[in-house]
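One letter stands for each residue in the lines below.
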Amino acid sequence: MARKSKDKKICKSDIALIFVAVTLVAFVLKMIRLYETTGGVPEALVYGVLGILGFECGCLGKIYENKQKYKEREWQKEDEKEAEKKAKVGTKRRSSE
């Protein structure tokens, strides 16, 4: 069962990814400007910001992966219920013949 296009909504993880992207672009541009004026950048700050943003993206990826597993499990349960219904209908037809 594929998700329909009208079911797509902006969720919290999408907002977080947009925030990460905007923050990363703004930070890189600021560091470039700082490098042009001073000839260097604070490495600890760069490592810290990139580490935090990378960690956030990793957490969001793990959340997405768990959601997909849960959805697949729901679909599997639905398929099993449908198969049971078809099996019951098939046995009723055989017994009535």
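Here the structure is shown first, and the text comes after it.
Everything numeric here is computed off the predicted structure, so don't read it as measured data. (Residues numbered from 1 in each chain as written. Predicted model: local features only at pLDDT ≥ 70, side-chain atom pairs only at ≥ 80, totals over all residues. Heavy atoms only, no water.)

## Remarks on the overall build of the chain
Okay, step 1: Looking only at helices and strands, one finds two helices and zero strands in the chain.
Okay, step 2: Relative to its 97 residues, the chain shows a buried fraction of 7%.
Okay, step 3: Looking at the chain as shown, the accessible area adds up to about 8700 Å², and 62% of this sits on carbon and sulfur atoms. (Helix = DSSP H or I, 4+ residues; strand = E, 2+ residues; numbered from the N terminus. Buried < 20%, exposed > 50% of the residue type's maximum accessible area, 1.4 Å probe, protein only. Areas by Shrake-Rupley, 256 points an atom, 1.4 Å probe, with all protein chains shown as cover.)

## Describing a negative patch on the surface
Okay, step 1: Together, Glu74, Glu78, Asp79, Glu80, Glu82 and Glu84 line one region of the surface with negative charge.
Okay, step 2: Turning to its location among the elements, Glu78 is positioned in helix H2 (residues 43-96). (Patch = residues over 30% accessible without salt bridge, like charges linked within 9 Å, V, L, I, M, F, W, Y side chains within 5 Å. Salt bridge = Lys/Arg side-chain N within 4 Å of Asp/Glu carboxyl O. Lys, Arg positive; Asp, Glu negative; His and termini not counted. Charge placed at Lys NZ, Arg CZ, Asp CG, Glu CD.)

## Comments concerning helix H1 (residues 12-38)
Okay, step 1: Taking 1.5 Å of rise per residue, the 27 residues of H1 would be expected to cover 39 Å, and the 38 Å separating its terminal C-alpha atoms lies within 8% of that figure.
Okay, step 2: All buried positions along H1 are accounted for by Val20, Phe27 and Met31.
Okay, step 3: Looking one or two residues past H1, Gly39 carries a phi angle of roughly 90 degrees, positive in sign. (Expected span 1.5 Å × (residues − 1).)

## Thoughts on the pattern of salt bridges
Okay, step 1: In the structure shown here, the tally under the stated rule is two salt bridges.
Okay, step 2: Between Glu65 and Lys69 there is a salt bridge; the shortest N-O distance is 3.6 Å. With a gap of four residues between them, Glu65 and Lys69 both fall in helix H2, about one helical turn apart.
Okay, step 3: A relative accessible area of 35% places Glu65 in the partly exposed class.

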